[in-house]
Amino acid sequence: MTPEALRQQLEYYRDLGIKQIYRHMPIPNISNAIELPSLVPAGDTLDLIRADIGDCTRCRLCKTRNKIVFGDGNPNARLAFVGEGPGADEDEQGLPFVGRAGQLLTQMIEGTSAKEGIPLKRADVYICNVVKCRPPENRTPEPDEMEICGQFLFRQLSAIKPKAICALGSTAAKAILGGKDGVTKLRGKWHKWNDIPLMVTYHPSYLLRPYNQNAKRESWEDLKKVLHFVYD
Ligand code: SF4
């Protein structure tokens, strides 16, 4: 862990109210690492996580946001979708995926389920983003912003314990899986986050571009796989 990452993690624990951590005695020839407490407090719930976020100023995105977009949907969902970050409509309303991309996501969830004979509505799943505040001009969140806010995402996913996660787009996939590969390489096959199967597919805003017909077809295929895995 780099000194900067360690500093951020310690600040995060301080924000959670953890005042002390213990450093193990050095053992000769063994790395002198600091053991950190679990990132997920025992008995964690979405309400506790939202309360911990509070009126968050932990990263620079707080300066330009309008509303924190925590997440929305069924707290006991069997399927969770994770996008990159809020856009203008989401920032305005404080809800994830409510703009054009969000409408497409709703159509994808409800339309594909109906075609596949699965009685599923958008309200049955959980939807959130890696960062909870809108990046200015809809830029991609910076790695440090994702590292800080990603701790809340990981707590959300751990509290919900869905049967599967669907990461929407390269940024969400990289933030959760930690690698460098983009959506074209990762999509269509199962990965794992903390033993939870995870599918990567295109972000709906990418699918809104008129020349992305192939990607549309592929993402419908990805979604069918996810829906049958979770609800069959
Ligand atoms: S993006 Fe996350 S960490 Fe940054 S200010 Fe918003 S809630 Fe806090």
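Residues numbered from 1 in each chain as written. Predicted model: local features only at pLDDT ≥ 70, side-chain atom pairs only at ≥ 80, totals over all residues. Heavy atoms only, no water.

### Here's the deal with the sheet that holds strand β6 (residues 196–201)
Inclusion rule: Pairing between two strands requires that DSSP report at least two bridges joining them. Here a strand is any run of E in DSSP of at least two residues, a helix any run of H or I of at least four, and the numbering for each starts at the N terminus.
Spatially, β1-β3-β2-β4-β6-β5 is the arrangement adopted by the six strands of the open sheet, whose pairing is mixed. Of all strands in the sheet, those with a lone pairing partner are β1 (72–73) and β5 (190–193), marking the two edges.

### What to know about the site of the ligand
Operational definition: Here a residue is near a molecule or strand as soon as one of its heavy atoms is found within 4 Å of it. Site definitions follow a grid-based scheme: protein atoms alone, a 1 Å grid, a 1.4 Å probe that fits but cannot get out for cavities, and for pockets an open set with protein on both sides within 12 Å along at least five of seven lines, plus lining residues having an atom within 4 Å of a point. Any molecule with more than half of its atoms within 2 Å of a cavity's or pocket's grid points is regarded as sitting in that cavity or pocket. Here the term charged refers only to Asp, Glu, Lys and Arg, the term nonpolar to Ala, Val, Leu, Ile, Met, Phe, Trp, Tyr, Cys and Pro, and the term polar to all other amino acids, Gly among them.
Cys 56, Arg 58, Cys 59, Leu 61, Cys 62, Arg 65, Lys 132, Cys 133, Ile 148 and Cys 149 make up every residue found near the ligand. When each cavity is represented as a set of grid points, the ligand is found to reside in the largest cavity. When the residues that make up the shell around the ligand are grouped by side-chain class, the tally is seven nonpolar, no polar and three charged.

### A look at the layout of surface pockets
Definition in use: Grid points are joined across faces, edges and corners, and a volume is the space filled by probe spheres set on the points.
A volume near 600 Å³ is recorded for the largest pocket. Forming the boundary of the largest pocket are 28 residues, of which Glu 84, Gly 85, Ala 101, His 203 and Ser 205 lie nearest the centre. Contributions of two or more residues to the lining of the largest pocket are made by α3 (88–93), α4 (100–115), α6 (170–177) and α8 (204–207). Residues that form the lining of the largest pocket fall into these classes: 10 nonpolar, 12 polar and six charged. Here the second largest pocket defines a volume of roughly 220 Å³. When residues of the lining of the second largest pocket are traced back to their parent elements, those giving at least two are α5 (143–160) and α6. Tallying contributions element by element places α5 first for the lining of the second largest pocket, with seven residues. Grouping the constituent residues of the lining of the second largest pocket by class yields five nonpolar, two polar and three charged.

### Quick word on unusual backbone geometry
As a reminder, the rule being used: Using a 1.4 Å probe on the protein chains alone, a residue whose accessible area is under 20% of its type maximum counts as buried, one over 50% counts as exposed, and one in between counts as partly exposed.
Positive phi, normally seen in glycine, also occurs at Glu 137, with a value near 55°. Here Glu 137 lies in the loop between β3 (126–129) and α5. The exposure class assigned to Glu 137 is exposed, which follows from its relative accessible area of 75%. One non-glycine residue, Asn 194, lies in the positive phi region at around 50°. You can see Asn 194 is positioned in the loop between β5 and β6. For Asn 194, a relative accessible area of 54% translates into the label exposed.

### Quick notes on the confidence of the model for the protein chain
Do not read the predicted coordinates in detail wherever pLDDT is low. Condition: For every residue, the predictor reports its confidence as pLDDT, a number between 0 and 100. Contact definition: two residues touch when any of their heavy atoms are within 4.5 Å.
Averaged over all residues, the pLDDT of the protein chain is 90; the fraction at 70 or higher stands at 86%. Taken as a whole, residues 24–37 scores under 50 in pLDDT and shows 16 contacts with residues more than four places along the chain or in a different chain.

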